[in-house]
There are 2 protein chains.
Amino acid sequence: MEGDPTRIMLAVNESTIKGYPHASISSRKAFEWTLQKIVRSNTSGFKLLFLHVQVPDEDGFDDMDSVYASPEDFKNLRNRDRAKGLHLLEFFVERCHAIGVGCEAWIKKGDPKEVICREVKRVQPDFLVVGCRGLGPFQRVFVGTVSEFCVKHAECPVITIKRSAEESPQDPVDD
Amino acid sequence: MEGDPTRIMLAVNESTIKGYPHASISSRKAFEWTLQKIVRSNTSGFKLLFLHVQVPDEDGFDDMDSVYASPEDFKNLRNRDRAKGLHLLEFFVERCHAIGVGCEAWIKKGDPKEVICREVKRVQPDFLVVGCRGLGPFQRVFVGTVSEFCVKHAECPVITIKRSAEESPQDPVDD
């Protein structure tokens, strides 16, 4: 007697730590928190919607020294971006599949904060979960604050999950 | 195999609408949302912690024309405040009892935003739910913004639940 599952959108991104092509620490934290504290054993009561927003500049950072000689080179680059995004989403979808929670995952390109709010408007989840690094005000200025923007502008309730101190890497700006 | 229930703190207050000594529209909205979207059928997986912060000035508003002639009068006033707070909490506790969700409820006095953050620190809930009126920036200036303060300062994740347009009274500052 539960009716439609509660639809939770999770905005997930890649780690900024080099050589670590996986979900960011704060994305994984937000995901595990959602499973532990909200979904719990009621796996049929929830559906998780994973949105990954690819930032063209960031994703191309490793390519600063690359030479693009043909349209083909760009196509390869785009394919590689796509592969990275898919690899990220696969992590979350596999974990959901293993525990029996329904999910959907998709990739968009653009400015994360704007795309997340636009996708909330389109998909109308019951609420949005975003991870955040829990930076101090000084660090925040240079890193941007996707979570703060979403809390203010997303057209659904938003819950922000901070990393715990022991999960933070040496440089807290990394994630 | 669920372990300890997820402890959700809900900050609840009385309606500001005169002659309506019940839970505010936004408190009831936040409560019903929590039951529908989070607790769902998993009643043993959650425990709801209701905190009502009484504001001495506000609660004494009806007494502007009263005359206090003896210490006894103040005692009666305090008893009446207490009765109003208990009446408010009874609404939430009865509803939880009816559907079988564990709960606790208590009253504190002071500035709601500060008391809520202090109680979060003391009680350490898994997250905090606060209702809000969804006022525009102009209205907000004169009403204060408990929810915004908690989002920034509470030491746990916070989810803010807005009233829907059709639930708002004629004067949106009322609640």
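Residues numbered from 1 in each chain as written. Chains lettered and ligands numbered in written order. Predicted model: local features only at pLDDT ≥ 70, side-chain atom pairs only at ≥ 80, totals over all residues. Heavy atoms only, no water.

**Topic: the environment of A:C132**
Rule in force here: In this description a helix means any DSSP run of H or I spanning at least four residues, a strand means any run of E spanning at least two, and both kinds are numbered starting from the N terminus. Every residue pair with non-hydrogen atoms within 4.5 Å of one another is taken to be in contact.
Here A:C132 is to be found in strand β4 (residues 127–132). Residues in contact with A:C132, not counting those within four places in the same chain, are A:S26, A:S147, A:T160, A:I161, A:K162 and A:R163.

**Focus on the confidence of the model for chain A**
Residues and elements named next belong to chain A. Using the following cut-off: Scored between 0 and 100, pLDDT is the confidence that the predictor attaches to each residue.
Of all residues in chain A, 85% have pLDDT values of 70 or greater, and the mean over the chain is 86. Of all secondary-structure elements in chain A, the lowest mean pLDDT belongs to helix α2 (residues 56–59), at 59, while strand β1 (residues 6–12) reaches the highest, 97. Reported confidence for the predicted complex is 0.85 by ipTM and 0.86 by pTM.

**What about the relation of the copies chain B and chain A?**
Note the threshold: The fit set for superposing copies consists of C-alpha atoms from residues with pLDDT of at least 70 in both; the fit itself is least squares.
Once chain B has been moved 0.0 Å along the axis and rotated by 180°, it coincides with chain A to within an RMSD of 0.0 Å. Interpreted geometrically, this transformation is the action of a two-fold axis. Looking at the rotation axis and the C-alpha trace of chain B, the residue lying nearest is B:I159, at 2.5 Å. Taken together, the interface assignments show that 100% of the residues at the interface of chain B recur at the interface of chain A, consistent with an identical surface on both copies.

**Here we look at the environment of A:N13**
All names here are of chain A. Rules: A simple rule labels every residue: compare its accessible area, found with a 1.4 Å probe on the protein chains alone, to the largest value its type can have, and call it buried under 20%, exposed over 50%, or partly exposed in between. Whenever two N or O atoms come within 3.5 Å, that pair is a polar contact, provided that in protein one can donate a hydrogen and the other can accept it, and provided that, for residues adjacent in sequence, both atoms are side-chain atoms.
For N13, the location among the structural elements is in the loop between β1 and α1 (25–39). On the basis of relative accessible area, N13 is assigned to the partly exposed category, the value being 34%. It is 5.8 Å that separates the C-alpha atoms of N13 and H52, two residues lying 39 residues apart in sequence. With sequence-adjacent residues up to four places away left out, N13 is seen in contact with H22, A23, S24, S27, H52, L88 and D175. Only 2.6 Å separates the side chain of N13 from the side chain of S24, close enough to count as a polar contact. A polar atom in the side chain of N13 sits 2.8 Å from the side chain of S27.

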